[in-house]
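Listed here are the chains, written in short residue letters.
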Amino acid sequence: VTRQKTCTQSRSTARQTARIRQLRVKDESNTYEMDDLGRMIIPVKTIEESYAALFGPQAKPAHHTVGEPGTSIALEYDGDNGYYHVPISAIGGSSSSLYVPVLDTLKKKGDTLTARVGYVPAANIGIDEKGEEIPPTFNMATSIQNYTLKKNGSGWIITAIADEKK
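Residues numbered from 1 in each chain as written. Predicted model: local features only at pLDDT ≥ 70, side-chain atom pairs only at ≥ 80, totals over all residues. Heavy atoms only, no water.

Details of the overall build of the chain
Condition: In DSSP terms, a helix is any run of H or I states spanning at least four residues, a strand is any run of E spanning at least two, and both are numbered starting from the N terminus. Summary of the burial criterion: residues with accessible area below 20% of their type's maximum are buried, those above 50% are exposed, and those between are partly exposed, where the area comes from a 1.4 Å probe applied to protein chains only. Under the convention used here, a 1.4 Å probe and the Shrake-Rupley method define accessible areas, while residue burial counts only the protein chains that appear.
A count of helices and strands for the chain gives two helices and nine strands. Moving toward the C terminus, one meets the helices and strands of the chain in the order α-β-α-β-β-β-β-β-β-β-β. By residue count, 33% of the 166 residues in the chain fall in the buried class. Carbon and sulfur atoms make up 52% of the accessible area of the chain, which amounts to about 10400 Å² in all.

Right, here's the structure in full:
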């Protein structure tokens, strides 16, 4: 595996993960079909439409499984049937994410925005004496990603996502 190929796969994985996170937030009220393991079944077409909205119409996803297949956090691609199996956690009947994003910085220079986002494991978020969730801080993040967005008409598209070593 060449360094170029590894870099390309890493960017593609980060983009797929971002897209699936977006779907989970955007479509939280929608009902997707569930598989026998309690994972949402999301059609590839849905991923592709949203991918174009995030990264521009010229960007095409390289469909593949994200994570280690067979684990509870893998986003498994089923090319034969044209969908992804996306795991969810059910708490009180609603879906929740395994990680909570925390914005560290947001910088604008011309038509470019850069955002540094940390991801805090939901299990690490505390509850205060009143039973309220204690808002996570960036310092609690176990992983960090840097997003680059470019102005595209009246909106923004993501042009790069990079994992940052913590």
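Description of the sheet that holds strand 7 (residues 112-121)
The test is simple: Here, strands pair whenever DSSP counts at least two bridges between them. For helices, the fitted axis covers only the stretch in contact; all axes are lines through C-alpha atoms, and the angles between them, taken along N-to-C directions, range from 0 to 180 degrees.
Spatial ordering of the open sheet is given by 6-7-8-9, a layout of four strands whose pairing is antiparallel. What marks the edges here is a single partner per strand, and that holds for strand 6 (99-109) and strand 9 (155-164). On average, each strand axis in the sheet is inclined to that of its neighbour by 25°, with strand direction left out of account. Two elements, strand 7 and strand 8 (residues 143-152), share eight bridges in a ladder whose sense is antiparallel. Its bridge partner being in strand 8, Thr 114 is matched across the sheet by Thr 148.

Points about helix 2 (residues 44-55)
Rules: The span one expects for a helix is its residue count, reduced by one, times 1.5 Å. Think of it as the arc spanned by the lines of direction from the helix axis to the C-beta atoms.
Compared with an ideal rise of 1.5 Å per residue, which puts twelve residues at 16 Å, helix 2 spans 16 Å between its outermost C-alpha atoms and is within 8% of the ideal. Regarding helix 2, the residues found buried are Val 44, Ile 47, Ser 50, Tyr 51, Leu 54 and Phe 55. Taken down its axis, helix 2 places every buried residue within 130° of arc, on the same side. Along helix 2, exposed side chains directed more than 90 degrees from the buried face belong to Lys 45 and Ala 53. A positive phi of about 100° marks Gly 56, the residue just after helix 2.

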